[in-house]
Amino acid sequence: MSYSDLQQQPIAMFDMDGTLLDLAFDDFIWNHCLPERHAQTHQCSLEQSQQTLFQFYKQHKHTLSWYSSAYWTAKVGVDVLQLQHEHREKICARSGCFQLLKQLKAQGYRCWLLTNADRAGLQLKLENVELSSYFELMISSEELGHAKEEVAFWQKLQEMHPFDPAQAIFIDDTVAVLQGAEDFGITQLFSILQPSSAKPARTPTELPYPALDHLNDLLDYIENNIQVTDAKTA
Ligand SMILES: [Mg+2]
């Protein structure tokens, strides 16, 4: 296949945590394990640790630091990557994940994984869930120097890996991230109803983007709602 043919193939861009992988793992680490370990490390009560940490979480949400294990390790004095490693058996794919990726590949989609997890976090997830074989590209926002919430992330991505936004579908459980992608010019955007199996599903009306219940629902959307231009006939 020539380079220009490849350029015309549609791209399915996926977020990792909360989209392909169950966010229950990350919630467990950040809301349960880290406060406990933080309290042990600093000899304070669990309530004090929760207060300190949740205050930090609020301040840094949606910034690149929020997604950096090195930043958190330095900030709170607990090795958060090690903590995730200790509980790695809890890392798992959301239902329908592999089925969807297989189907998309069979339909000629190029799949890209775009995560705000830092490189070490991405590595840890990939060591524990067999995702890498489905993706031609796996990018951590750490590499681009901007979180996905920022238009600059998308501009940098396009500079490094040219793509046509009109030929891209992007699926992410975080609304602020979808907004960043929309501001950049991607129009085929989808959210996820239940990013974490440990929390109730959100209602479609509280989300400003079409939200997938089962990951495989994306295939119906593609068939029924989305006109992907066929390079051969365009
Ligand atoms: Mg996510």
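What counts, and at which threshold
Residues numbered from 1 in each chain as written. Predicted model: local features only at pLDDT ≥ 70, side-chain atom pairs only at ≥ 80, totals over all residues. Heavy atoms only, no water. Helix = DSSP H or I, 4+ residues; strand = E, 2+ residues; numbered from the N terminus. Rg over C-alpha atoms; globule rule 2.2 N^0.38 Å. Buried < 20%, exposed > 50% of the residue type's maximum accessible area, 1.4 Å probe, protein only. Contact = heavy atoms within 4.5 Å. Areas by Shrake-Rupley, 256 points an atom, 1.4 Å probe, with all protein chains shown as cover. Axes fitted to C-alpha atoms, helices over the stretch in contact; angles between N-to-C directions. Parallel < 35°, antiparallel > 145°, perpendicular 65-115°, else oblique. Left-handed = near helix turned anticlockwise from the far one by under 90°. Nonpolar A, V, L, I, M, F, W, Y, C, P; charged D, E, K, R; others polar. Pairing = 2+ DSSP bridges.

Visitor: I keep staring at the overall build of the protein chain and nothing clicks. Help me out?
Guide: Helix and strand counts for the protein chain come out as 11 helices and six strands. Taking 17 Å as the expected radius of gyration for a compact globule of 234 residues, we find that the protein chain reaches 18 Å, a close match to that expectation. If one aligns the C-alpha atoms of the protein chain with their principal axes, the spans along those axes are about 65 × 35 × 30 Å. Burial status across the protein chain gives 47% buried among its 234 residues. Considering only intrachain contacts with a sequence separation of at least 6, the fraction spanning at least 24 residues in the protein chain is 66%. Summing over all exposed atoms, the protein chain offers an accessible surface of approximately 11,200 Å²; the carbon and sulfur share of this is 49%.

Visitor: Help me understand the packing of helix α9 (residues 151–160) against helix α10 (residues 175–184) in this model?
Guide: Pairs of packed helices are described in terms of their axes, by the angle between the two and the distance that separates them. Contact geometry for α9 and α10: axes closest at 8 Å, N-to-C directions at 55°. Taken together, α9 and α10 sit at an angle that is classed as oblique. Like other packed secondary-structure pairs, α9 and α10 cross with a definite hand, here right-handed. On α10, the residues touching Val 151, Trp 154, Gln 155 and Gln 158 of α9 are Gly 180, Ala 181, Asp 183 and Phe 184. Here the contact of α9 with α10 is built from residues that sort into four nonpolar, three polar and one charged.

Visitor: Quick question: what am I supposed to make of the sheet that holds strand β4 (residues 168–171) here?
Guide: Two strands in a sheet stick together by hydrogen bonds in their backbones, pointing the same way (parallel) or opposite ways (antiparallel). The parallel open sheet is built from six strands, whose spatial order is β3-β2-β1-β4-β5-β6. Single-partner strands in this sheet number two, and they are β3 (137–140) and β6 (211–212). Pairing analysis gives four bridges linking strand β2 (residues 110–115) to β3, with the strands arranged parallel. Bridge pairing in β3 links Leu 114 to Ile 139.

What is shown is where atoms sit, not what they do.
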